[in-house]
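Chain residues, written in single-letter form:
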Amino acid sequence: MRLPDRSDVARVASAWWLPAALACTVGTLYICFSLAQWRTLSDPSWDLAIFAEAVQAYSRVEAPIVPIKAPGYNLLGDHFHPILALLGPIYRFFPSALTLLVVQDLLIAASVLPIARLAQRLFGRGGAVLVGLTYGLGWGLQGAVGAQFHEVCVAVPLLAVAGVAFVERRWGACMAWLAPVILVKEDLGLTVFVAGLALAWRRRGEDRSGILVSLAYALFGIIAFIVTVKVLLPAVNPAGTWAYSLDGSATGAGTTMASKAAVHQIPSVWGILTTPPVKIKTLLILVAGAGIVGLRSPWFALVLPTLAWRFAGSVNAYYQWNYWHYNAVLVPIAACALLDVVSRWIQPERGGADPEEPARASFEKYRRVAAWAAACVPAVSLALTASSLPLWKLPALAESPRMAAAQGALNVVPAGTSVESDTTLLARLVPGRDVYWVGTTVGMDTPPEYVVVDRQSYAWGGAEVDAESWASAAHPGHTYETIYSAQGFRVARRTS
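All values reported here derive from a predicted model rather than from experimental measurement. (Residues numbered from 1 in each chain as written. Predicted model: local features only at pLDDT ≥ 70, side-chain atom pairs only at ≥ 80, totals over all residues. Heavy atoms only, no water.)

## As for the overall build of the protein chain
For step 1, the next point in the chain: Across its full length, the protein chain holds 20 helices and five strands.
For step 2, the next point in the chain: A total of 496 residues make up the protein chain; the buried ones form 53% of that total.
For step 3, the next point in the chain: A separation threshold of at least 6 residues defines the contact pool for the protein chain, and within that pool the share at least 24 residues apart is 70%.
For step 4, the next point in the chain: Per element, the accessible surface of the protein chain, about 21300 Å² overall, is 65% carbon and sulfur. (Helix = DSSP H or I, 4+ residues; strand = E, 2+ residues; numbered from the N terminus. Buried < 20%, exposed > 50% of the residue type's maximum accessible area, 1.4 Å probe, protein only. Contact = heavy atoms within 4.5 Å. Areas by Shrake-Rupley, 256 points an atom, 1.4 Å probe, with all protein chains shown as cover.)

What follows is the structure, given as structure tokens:
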């Protein structure tokens, strides 16, 4: 076996330095955005706090019990994302919800590496810059960063590496990299299923065993999905069901589909795709992200499961294109579908299997022009929509003038205590404390020791709320006293 010499090392370094630089650029931009967003006291939702509480439990080698959802609520009964346990050791050293934001930024940045490397091989360094930056700053990835941490960010680099392996016909690597997404979120088992079908279709010119392995992989994906939603999630969910059941049988706050009565009114496919009209814009931007021509790639079919459950759902936020985290999984799929098609234009397969090969050989120059034109489509789409995406607001993000007051409120809530809060400081309170969302503690024998209220939080709908009076009313038989008040933040401590 020949040991690598200096020329081999130099060759590898030359091939990877530009993709690595692009990944670092994207990661730096996203980290800057997350830090700026953190300093503005921005709180798009309670999800960051939920995941911080779950990862905090993992850091203690405990089940992901998340009181923010409900007392004693195991988050694995909500969505199936055991892969988040890998973040436990990181959180143990850096116990902050901000850690999750940075981890998400780094995972997204890491996905730029394989895609930019493939683009460089196909187009040269100019293509690596064009495709790498357009992909890394893509609509769905920016939206995920703006929406703050969600489990789907872990799937982004896996989808990117698997998609590149698909383009390069490394079938084993493609399947190996994609398989872990079944541990990221339950519906991604369907994505693995579609990937198996795409592999079988692409390998149809090979020996029969390759097709059978691909179909077996598809079967693995559908079995993983069924076992997860029919066995694992119901076993952990407090209601004994899948909280996001498509048959409308689920109950509780987790239900995302219409009620049972509405389920019987099955809309048309056209209605699902076009109503409300924002769905059309989401689809157009997705198609543009694949350079339009990416629709010819079987890999593009991997977007169908995610689009299906979102567009068939009854939650309006599911249809959005600019500030929705689930769009993140669509971006690497679209980018790899684009590269799959243009790679077959630029580097057509030999061996006579393609009846159009003679014609393609005579138009090599035009194929490359067409490939570059297709690669420019996502960049044009990004330029046209940039002002509606999170990074556009980065220059305007300034530290909140209430930051000192917020820190003061955090300081008066000791570690090791229980606290109930609205969204503003919810995630920041998590390290070392048992944190509850306002309203989820009703009926508790022993209510939280502290209540933190931000009068400017959207949780109160503009109403003037006092922590002491609200807490005393929310927990009959117990009284609270105000111990901190500054710039809209109020902290009340239980006295009985």
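Resuming the write-up.
## Focus: the pairing of strand 3 (residues 450-454)
Looking down a regular strand, the side chains alternate between one sheet face and the other.
For step 1, the next point in the chain: Of all five residues in strand 3, five are buried; the element is thus mostly enclosed.
For step 2, the next point in the chain: In strand 3, alternate side chains face the same way, and those of Tyr450, Val452 and Asp454 on one face and Val451 and Val453 on the other are all buried.
For step 3, the next point in the chain: Sheet analysis places strand 1 (residues 418-421) next to strand 3, joined by three bridges and oriented parallel. When the bridges of strand 3 are listed, valine 419 appears paired with tyrosine 450. (Pairing = 2+ DSSP bridges.)

## Remarks on the pattern of salt bridges
One side chain can pair with another of opposite charge once the charged atoms of both are near each other.
For step 1, the next point in the chain: For the structure on display, the rule yields 11 salt bridges.
For step 2, the next point in the chain: Between glutamate 206 and arginine 169 there is a salt bridge whose closest N-O contact spans 3.4 Å. Of this pair, glutamate 206 sits in the loop between helix 9 (188-202) and helix 10 (208-236) while arginine 169 sits in the loop between helix 7 (155-167) and helix 8 (171-178), placing them 37 residues apart in sequence.
For step 3, the next point in the chain: Judged by relative accessible area, which is 29%, glutamate 206 ranks as partly exposed.
For step 4, the next point in the chain: Across the pair aspartate 454 and arginine 402 runs a salt bridge, and its minimum N-O distance is 2.8 Å. (Salt bridge = Lys/Arg side-chain N within 4 Å of Asp/Glu carboxyl O.)

## Considerations on the sheet that holds strand 4 (residues 480-486)
For step 1, the next point in the chain: If you trace the five strands from one edge of the open sheet to the other, you get 2-1-3-5-4, paired in mixed fashion. Strands at the two margins of the open sheet, each flanked by one partner only, are strand 2 (434-437) and strand 4. Strand-to-strand twist of the sheet, defined as the mean angle between neighbouring strand axes without regard to direction, takes the value 20°.
For step 2, the next point in the chain: In terms of strand pairing, strand 1 meets strand 2 through four bridges, oriented parallel. Directly across from serine 418, in strand 2, lies its bridge partner aspartate 434.
For step 3, the next point in the chain: Contacting strand 4 and strand 5 (489-494), helix 18 (residues 403-411) runs over the sheet at an angle of about 155° to strand 4. (Axes fitted to C-alpha atoms, helices over the stretch in contact; angles between N-to-C directions.)

## Looking at the packing of aromatic side chains
For step 1, the next point in the chain: This model, assessed by the stated rule, comprises 13 aromatic pairs.
For step 2, the next point in the chain: Ring plane angle 85° and centroid distance 6.4 Å describe the contact between phenylalanine 311 and tyrosine 319, whose orientation is recorded as edge-to-face. Assigned by exposure class, phenylalanine 311 and tyrosine 319 land together as buried.
For step 3, the next point in the chain: Within the aromatic cluster, the residues linked to one another by ring pairs are Trp309, Tyr318, Trp324 and Tyr326.
For step 4, the next point in the chain: Lying across the ring of tyrosine 326, lysine 185 places its NZ or CZ 4.4 Å from the centre.
For step 5, the next point in the chain: A cation sits over an aromatic face here: arginine 204 above tryptophan 201, 4.1 Å from the ring centre. (Phe/Tyr/Trp six-rings, centres within 6.5 Å; stacked < 30°, edge-to-face > 60°. Lys NZ or Arg CZ within 6 Å of the ring centre and 35° of its normal.)

## Considerations on helix 15 (residues 330-346)
For step 1, the next point in the chain: End to end, helix 15 covers 24 Å across 17 residues, agreeing with the expected 24 Å (1.5 Å per residue, within 8%).
For step 2, the next point in the chain: By the criterion of burial, helix 15 is predominantly enclosed, with 16 of the 17 residues buried. (Expected span 1.5 Å × (residues − 1).)

## Brief notes about the environment of glutamine 148
For step 1, the next point in the chain: Note on placement: glutamine 148 falls in the loop between helix 6 (139-146) and helix 7.
For step 2, the next point in the chain: As a C-alpha pair, glutamine 148 and glutamine 104 span 44 residues in sequence and 8.3 Å in three-dimensional space.
For step 3, the next point in the chain: If we ignore the near neighbours within four places in the chain, the residues touching glutamine 148 are Gln37, Ser42, Pro44, Leu48, Leu101 and Gln104.
For step 4, the next point in the chain: A polar contact is formed between the side chain of glutamine 148 and the backbone oxygen of serine 42, at a distance of 3.4 Å. (Polar contact = N/O pair within 3.5 Å; in protein donor to acceptor, adjacent residues only side chain to side chain.)

## What about the side chain of aspartate 78?
For step 1, the next point in the chain: Residue position: aspartate 78 is located in the loop between helix 2 (47-59) and helix 3 (88-93).
For step 2, the next point in the chain: On the basis of relative accessibility, which here comes to 7%, the residue aspartate 78 falls in the buried class.

## Focus on unusual backbone geometry
For step 1, the next point in the chain: The backbone of glutamine 148 shows a phi angle near 70°, a positive value even though the residue is not glycine.
For step 2, the next point in the chain: Within the chain, glutamine 487 stands out as a residue other than glycine whose phi angle is a positive 50°.
For step 3, the next point in the chain: Mapped onto the elements, glutamine 487 comes out in the loop between strand 4 and strand 5.

## Observations concerning the packing of helix 7 against helix 15
For step 1, the next point in the chain: At a minimum axis distance of 9 Å, the contact between helix 7 and helix 15 shows a crossing angle of 15°. Considering the angle they form, helix 7 stands roughly parallel to helix 15. In the crossing of helix 7 with helix 15, the sense of the turn from one axis to the other is right-handed. Together, Val156, Leu159, Ala160, Gly163, Val164, Phe166 and Val167 of helix 7 and Pro332, Ile333, Cys336, Leu339, Asp340 and Ser343 of helix 15 make up the contact between the two elements.
For step 2, the next point in the chain: The residue makeup of the contact of helix 7 with helix 15, split by class, is 10 nonpolar, two polar and one charged. (Parallel < 35°, antiparallel > 145°, perpendicular 65-115°, else oblique. Left-handed = near helix turned anticlockwise from the far one by under 90°. Nonpolar A, V, L, I, M, F, W, Y, C, P; charged D, E, K, R; others polar.)

## Notes on the environment of arginine 170
For step 1, the next point in the chain: If you trace the backbone, arginine 170 turns up in the loop between helix 7 and helix 8.
For step 2, the next point in the chain: A residue is classified by how much of its surface remains accessible, and arginine 170, at 37% relative accessible area, is partly exposed.
For step 3, the next point in the chain: Polar contacts involving the side chain of arginine 170 include one to the side chain of glutamate 168, which spans 2.8 Å.

## Re the confidence of the model for the protein chain
Detailed reading of predicted coordinates is not advised where the pLDDT is low.
For step 1, the next point in the chain: Of the residues in the protein chain, 89% have a pLDDT of 70 or more, and the chain-wide mean is 89.
For step 2, the next point in the chain: Per-element confidence in the protein chain ranges from a low mean pLDDT of 39 for helix 11 (residues 260-263) to a high of 98 for helix 7.
For step 3, the next point in the chain: This model gives residues 248-264 a pLDDT under 50, and the stretch forms 29 contacts once residues within four places in sequence are excluded. (pLDDT = per-residue confidence, 0-100.)

## Brief notes about the side chain of lysine 279
For step 1, the next point in the chain: As for its position among the elements, lysine 279 is in helix 13 (residues 278-289).
For step 2, the next point in the chain: The side chain of lysine 279 is buried and forms no salt bridge, while aspartate 187, the nearest opposite charge, is found at 16 Å.
For step 3, the next point in the chain: A polar contact is formed between the side chain of lysine 279 and the backbone oxygen of threonine 275, at a distance of 2.8 Å.
For step 4, the next point in the chain: Each residue touching lysine 279, except ones within four places of it in the same chain, is listed here: Gly271, Ile272, Leu273, Thr274, Phe311 and Tyr319. (Lys, Arg positive; Asp, Glu negative; His and termini not counted.)

## Description of helix 13
For step 1, the next point in the chain: Between its first and last C-alpha atoms helix 13 spans 17 Å; for 12 residues at 1.5 Å apiece the expected length is 16 Å, and the two agree.
For step 2, the next point in the chain: Taken together, the buried positions of helix 13 are occupied by Lys279, Thr282, Ile285, Leu286, Ala288 and Gly289.
For step 3, the next point in the chain: Among the structural elements, helix 6, helix 12 (269-274), helix 14 (304-312), helix 15 and helix 17 (364-385) are those in contact with the buried residues of helix 13.

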